[in-house]
Amino acid sequence: AQSVTQLGSHVSVSEGALVLLRCNYSSSVPPYLFWYVQYPNQGLQLLLKYTSAATLVKGINGFEAEFKKSETSFHLTKPSAHMSDAAEYFCAVSDRGGSQGNLIFGKGTKLSVKP
Amino acid sequence: DTAVSQTPKYLVTQMGNDKSIKCEQNLGHDTMYWYKQDSKKFLKIMFSYNNKELIINETVPNRFSPKSPDKAHLNLHINSLELGDSAVYFCASSPPQGYGYTFGSGTRLTVV
């Protein structure tokens, strides 16, 4: 069975500071890993995904994540936070079971950005 | 040109009613899903359909019945609505092997 653990339900940073959102996964098969962002009252938007190519994945809006198999982690980072980054962030894992693969989400981390 | 569209966006209804949420995708994906997001923002899969065939049915009350008339549509019908059904419901689609999910904008269901 697969699972995702996001450490910290709420992270607060100052504008311009480093953003680090933590995600650890558990999977019995090589996983696909995703980060999604949800702005207030909106749907989920894909930030980036890992599908076994490069371990450092670059996404939209300056975000990136590094897949570390030895640590079973896929932490999300951004060098300099912007006010517009304030949102809920979800890490998710999918197996590679063909068309039966489904997305298992973490509980989310709310990112607040202080001026 | 919306990739995954859901209607309605908001739905307020009384307990005991029956309601439907519609979902359509124009991405040509084979697999569609329904997810439920509760008040704590937790997202949980409810159903998965592949080419109109039910693949996953998580522990969802049988008051919830998905219907897929073709692979571009996956509707969710809910009978005898209860207060606990209040949530945001997201439709999503993906190509084979779960590679890249696209979500709709969600339907906020409020049962009063």
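Up top is the structure.
Structural notes, computed from the coordinates.

Concerning the overall build of chain B
Logical step 1: Within chain B one finds zero helices and eleven strands.
Logical step 2: Going residue by residue from the N terminus, the α and β elements of chain B occur as β-β-β-β-β-β-β-β-β-β-β.
Logical step 3: Taking 13 Å as the expected radius of gyration for a compact globule of 112 residues, we find that chain B reaches 13 Å, a close match to that expectation.
Logical step 4: The principal-axis extent of the C-alpha atoms belonging to chain B is close to 40 × 25 × 25 Å.
Logical step 5: Across the 112 residues that make up chain B, the buried fraction comes to 46%.
Logical step 6: Considering only contacts within chain B whose residues lie at least 6 apart along the sequence, 53% involve residues at least 24 apart.
Logical step 7: Total accessible area on chain B stands at roughly 5400 Å², and carbon and sulfur atoms take up 49% of it.

Looking at the nonpolar core
Logical step 1: Grouped together as the largest cluster of nonpolar side chains are 27 residues, with contacts concentrated most on Trp35, Leu48, Phe74, Leu76 and Tyr89 of chain A.
Logical step 2: Looking at this core, the elements that each hand over two or more residues are strand E2 (10-14), strand E3 (19-26), strand E4 (32-38), strand E5 (44-50), strand E7 (64-68), strand E8 (73-78), strand E9 (87-94) and strand E11 (109-114) of chain A.
Logical step 3: Those residues in contact with phenylalanine 74 of chain A that lie beyond four places of it in its chain are Cys23, Leu33, Phe34, Trp35, Leu48, Tyr50, Val57, Ala65, Glu66 and Phe67 of chain A.
Logical step 4: Of all hydrophobic cores here, the second largest spans 20 residues; its members include Val4, Cys23, Leu109 and Val111 of chain B.

Each value, and the rule that gives it
- Residues numbered from 1 in each chain as written.
- Chains lettered and ligands numbered in written order.
- Predicted model: local features only at pLDDT ≥ 70, side-chain atom pairs only at ≥ 80, totals over all residues.
- Heavy atoms only, no water.
- Helix = DSSP H or I, 4+ residues; strand = E, 2+ residues; numbered from the N terminus.
- Rg over C-alpha atoms; globule rule 2.2 N^0.38 Å.
- Buried < 20%, exposed > 50% of the residue type's maximum accessible area, 1.4 Å probe, protein only.
- Contact = heavy atoms within 4.5 Å.
- Areas by Shrake-Rupley, 256 points an atom, 1.4 Å probe, with all protein chains shown as cover.
- Core = buried A, V, L, I, M, F, W, Y, C linked by side-chain atoms within 4.5 Å.

Function cannot be read off these values alone, since they describe shape.
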